[in-house]
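Chain by chain, the residues run as shown.
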Amino acid sequence: MAGQTVSMKGPVCLIENESDGKLCVVRSALETLMQIEQHVVVVAVVGLYRTGKSYLMNKLAGTNKGFALGATIQSQTKGIWMWCVPHPIKSDHTLVLLDTEGLGDVEKGDDSNDNWIFSLAVLLSSTLVYNSKGTIDNYALEKLHYVTELTELIRVKSVEGDVDESADYVRFFPTFVWAVRDFELELKLDEKPITAYQYLENALKLKQGTSKKIVQYNLPRDCLRQFFSPRWCFVFERPANSEKMKRMEELTDADLEPSFVKQSKDFCDHIFKEGKTKTMIGGLKVTGKMLGNLTEMYVDMIRSGQVPCLDSAVVALAQIENSSAKEKAKAHYQQSMAKLVVFPTETQQQLSMAHASMEREAVAIFMNSSFKDEDQKYQKELMKALQEVYSTICEKNIEESQRACKRIIEHIFAPLKAQLKDGSYMTPGGYKHYCADLKMMTSEYRSAGGKGVKAEEVLKEYLNDKESTGQAILSADQSLTEAELRAEEEKAKREASEQEKRTMEEQIRVQELLMDDQKRTYEEHKKQLLEKMEADKENAKVEYRSVLEAKLTEKENLLKEGFHSKAKQMEAQINDLRREQEEVEKAKPSKFKKALNDIGTTALMIPGWAKIIGIGLKVGSHFLK
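Residues numbered from 1 in each chain as written. Predicted model: local features only at pLDDT ≥ 70, side-chain atom pairs only at ≥ 80, totals over all residues. Heavy atoms only, no water.

Chemist: Could you give an account of the overall build of the chain, naming the residues involved and the relevant values?
Modeler: When you go through the chain residue by residue, the secondary structure sums to 20 helices and 10 strands. Within the chain, the fraction of its 625 residues that count as buried is 47%. Long-range pairs, those at least 24 residues apart, make up 76% of the contacts in the chain with a sequence separation of at least 6. For the chain, the computed accessible surface area is about 30,800 Å², with 51% contributed by carbon and sulfur atoms. (Helix = DSSP H or I, 4+ residues; strand = E, 2+ residues; numbered from the N terminus. Buried < 20%, exposed > 50% of the residue type's maximum accessible area, 1.4 Å probe, protein only. Contact = heavy atoms within 4.5 Å. Areas by Shrake-Rupley, 256 points an atom, 1.4 Å probe, with all protein chains shown as cover.)

Encoded structure:
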């Protein structure tokens with residue numbers, strides 16, 4: 001999906017605190033985000049204030065300046081700031097960077113704001129970077145108490161009651177990266193070199209026991225292990241001396257410690273390469289526009305005292321996106337047909353081909369932007385909307401054809417009209433001259449271009465009007481014998497019958513093509529619906545596979561650490577997940593069959609369609625059998 005994107009010159013505030021302390025979305029920033037039709041990779045950084053979060057975000061943006069760094073003890077970032085830049089590796093993605101207000105700022109004196117900032121970072125991001133200083137020890141993990149409160153601040157399903165949903169969080173939460181700043185230790189364990197990842201995982205090991213102290217020790221570690229997978233860790237040495245660090249925005253890489261420059265590059269390369277596209281439930285890939293809608297929904301929930309719910313957000317987002325997708329697809333069809341079609345089209349086939357091409361594009365636009373379209377409600381609405389527009393276009397094509405044919409007849413048959421007016425044919429032998437002129441002009445009319453789909457019908461009407469005139473000339477022609485007179489009358493009847501036949505054939509050709517259009521509409525919607533369902537199925541498989549791998553890994557780690565009871569609980573979660581996956585797979589065929597039946601029924605019930613085809617609404621049922 002290429003789509004439209006934006007490239008911002010610098011960061012802007014996306015979510016701020018109002019004077020009453022409530023969070024609110026900044027409208028101008030939201031409008032910028034809503035312009036992005038590309039899929040997004042969203043990286044949010046959280047951590048204690050004055051730990052250098054903004055520096056890392058600037059490096060991800062490819063610059064030293066942007067997000068405020070500051071050189072005092074005061075927190076520079078308030079709320080959540082956003083910077084959208086082209087993704088350096090994924091050309092069809094936009095990289096959305098979210099720099100959050102420093103946690104634990106003594107000037108705020110309100111932990112609830114920190115909790116909501118942390119929760120929003122989790123909800124909006126696809127990669128969550130936690131930034132801290134020193135080492136990953138018990139003190140550092142205690143400072144990350146926000147993760148233990150996520151069960152109170154985020155709900156997965158819109159169900160009432162006290163339900164433990166913590167087992168589901170890993171399915172929807174972002175990947176986790178711990179960035180340890182000013183790290184001065186050697187990465188060794190039992191005198192053996194270890195990686196930063198091994199350092200993190202060792203720090204997250206649980207202790208055996210049930211005392212209050214051990215429970216408190218295990219809680220943040222257990223939450224991190226349950227909620228976030230995969231996890232990574234990067235350590236950074238001190239970038240420069242204290243004096244230089246006061247003016248970090250002015251420094252180039254040459255002014256910083258080489259080891260820190262390399263560590264920063266490794267961190268950025270990892271985020272660019274491993275950072276995943278933001279997804280929702282079912283593996284749905286999120287665009288900038290969708291992210292904007294989600295941001296507004298979550299903040300509105302928090303402002304109204306509700307707990308943000310992922311299920312509710314998906315349902316609400318589906319309504320917004322599906323309605324927008326339908327209107328976007330319809331607008332594309334209307335605009336494209338307006339550019340493509342010149343009235344009247346020479347044949348109905350030309351119009352049908354244009355319709356087929358533009359309808360295919362419109363349905364693809366809808367399919368690319370829609371999701372969770374229960375019972376194909378919006379797809380059926382789109383089908384009706386496109387067919388109604390096409391019906392109007394067909395009506396206009398008919399009307400323009402009729403007008404064009406009448407103009408051509410008036411021009412070509414003008415000499416005939418003049419001779420009728422001056423009585424030239426009311427002489428002996430005049431009838432033969434009249435018939436010869438009429439035949440010649442009829443032939444000239446049929447060879448003329450620009451008549452459209454009603455050429456023979458309009459000609460028939462003209463010839464019918466001239467029938468009494470021809471009869472009068474024939475009766476007045478004294479040169480004809482009685483036998484010749486009867487022969488000429490029979491000939492006129494045969495020619496009228498032949499014209500009637502031409503007219504009927506013309507109408508039948510149009511009707512057949514319009515019926516083919518209706519059949520093709522059904523087949524096109526069916527084809528693209530099947531493709532979308534298959535794609536959704538694959539996305540869901542990837543999601544299930546990823547979650548199963550994470551839970552299987554955690555189960556093995558728990559067994560190694562001797563936590564057999566916890567491993568058993570994890571095994572139960574794994575079995576539940578597998579059963580859920582099987583149920584979803586079993587439900588697919590019946591749901592798909594119903595969707596196709598609904599689409600087929602809709603294809604036969606377009607208002608005004610029978611009027612254009614000229615036959616009853618039940619036509620075309622043969623192609624649904």
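Chemist: Outline the nonpolar core, listing residues and values.
Modeler: Most often, soluble globular proteins keep nonpolar side chains buried together rather than apart. Ranked by size, the top nonpolar core spans 104 residues in total, and within it Phe-118, Trp-178, Phe-228, Phe-267 and Tyr-298 carry the most contacts. What Tyr-298 contacts, discounting residues up to four positions off in sequence, is Leu-120, Leu-123, Leu-124, Met-280, Pro-308, Cys-309, Leu-310 and Ala-313. Of all hydrophobic cores here, the second largest spans 24 residues; its members include Val-341, Met-367, Val-389 and Leu-514. (Core = buried A, V, L, I, M, F, W, Y, C linked by side-chain atoms within 4.5 Å.)

Chemist: Tell me about the state of the cysteines, residues and numbers included.
Modeler: Tallying each qualifying case throughout the model produces zero disulfides. Not part of a disulfide, Cys-24 finds its nearest cysteine sulfur in Cys-13, a span of 7.9 Å. Residue Cys-24 is classed as buried on the basis of its relative accessible area of 10%. (Disulfide = S-S within 2.5 Å.)

Chemist: Mind laying out helix H18 (residues 482–560), listing which residues take part and the relevant values?
Modeler: Its 79 residues place the ends of H18 117 Å apart at the C-alpha level, agreeing with the 117 Å of an ideal helix rising 1.5 Å per residue. Positive phi shows up at Gly-562, right after H18, with a value of about 90 degrees. (Expected span 1.5 Å × (residues − 1).)

Chemist: Explain helix H11 (residues 288–303) to me, using residue names and the numbers behind them.
Modeler: Along its 16 residues, H11 runs 22 Å from first to last C-alpha, staying within 8% of the 22 Å computed at 1.5 Å per residue. Taken across its 16 residues, H11 has 12 buried, putting it largely inside the fold. Here H11 has its buried residues at Gly-288, Met-290, Leu-291, Gly-292, Asn-293, Leu-294, Thr-295, Met-297, Tyr-298, Val-299, Met-301 and Ile-302. Positioned one or two residues after H11, Gly-305 has a phi angle of 85 degrees, which is positive.

Chemist: Go over the packing of H11 against helix H12 (residues 310–340), please, and point to the residues and values.
Modeler: Helix-helix packing is described using two parameters, namely the angle between the two axes and the distance between the axes. At a minimum axis separation of 10 Å, H11 and H12 run at an interaxial angle of 135 degrees. It follows from the interaxial angle that H11 and H12 lie oblique. By crossing handedness, the relation of H11 to H12 is classed as right-handed. For the pair H11 and H12, the contacting residues are Lys-289, Met-290, Asn-293, Leu-294, Met-297, Tyr-298 and Met-301 in the first and Leu-310, Ser-312, Ala-313, Ala-316, Leu-317, Ile-320, Glu-321 and Ser-324 in the second. Here the residues of the contact of H11 with H12 sort into 10 nonpolar, three polar and two charged. (Axes fitted to C-alpha atoms, helices over the stretch in contact; angles between N-to-C directions. Parallel < 35°, antiparallel > 145°, perpendicular 65-115°, else oblique. Left-handed = near helix turned anticlockwise from the far one by under 90°. Nonpolar A, V, L, I, M, F, W, Y, C, P; charged D, E, K, R; others polar.)

Chemist: Can you break down the pattern of salt bridges residue by residue, with the values?
Modeler: Taken as a whole and judged by the stated rule, the model has 31 salt bridges. Glu-296 is the partner of Arg-27 in a salt bridge, and the nearest nitrogen-oxygen pair spans 2.7 Å. Residue Arg-27 is found in helix H1 (residues 27–34), and its partner Glu-296 is found in helix H11; the two are separated by 269 residues along the sequence. The exposure class assigned to Arg-27 is partly exposed, which follows from its relative accessible area of 45%. With its nearest N and O atoms 3.8 Å apart, the salt bridge here joins Arg-486 to Glu-482. Here Arg-486 pairs with Glu-482, and both are found in helix H18, just four residues apart, close to one helical turn. Accessibility expressed as a relative area gives 48% for Arg-486, which makes it partly exposed. Glu-482 sits in the exposed class, given a relative accessible area of 52%. Where salt bridges share partners, they join Lys-326, Glu-327, Lys-377 and Glu-381 into one cluster. (Salt bridge = Lys/Arg side-chain N within 4 Å of Asp/Glu carboxyl O.)

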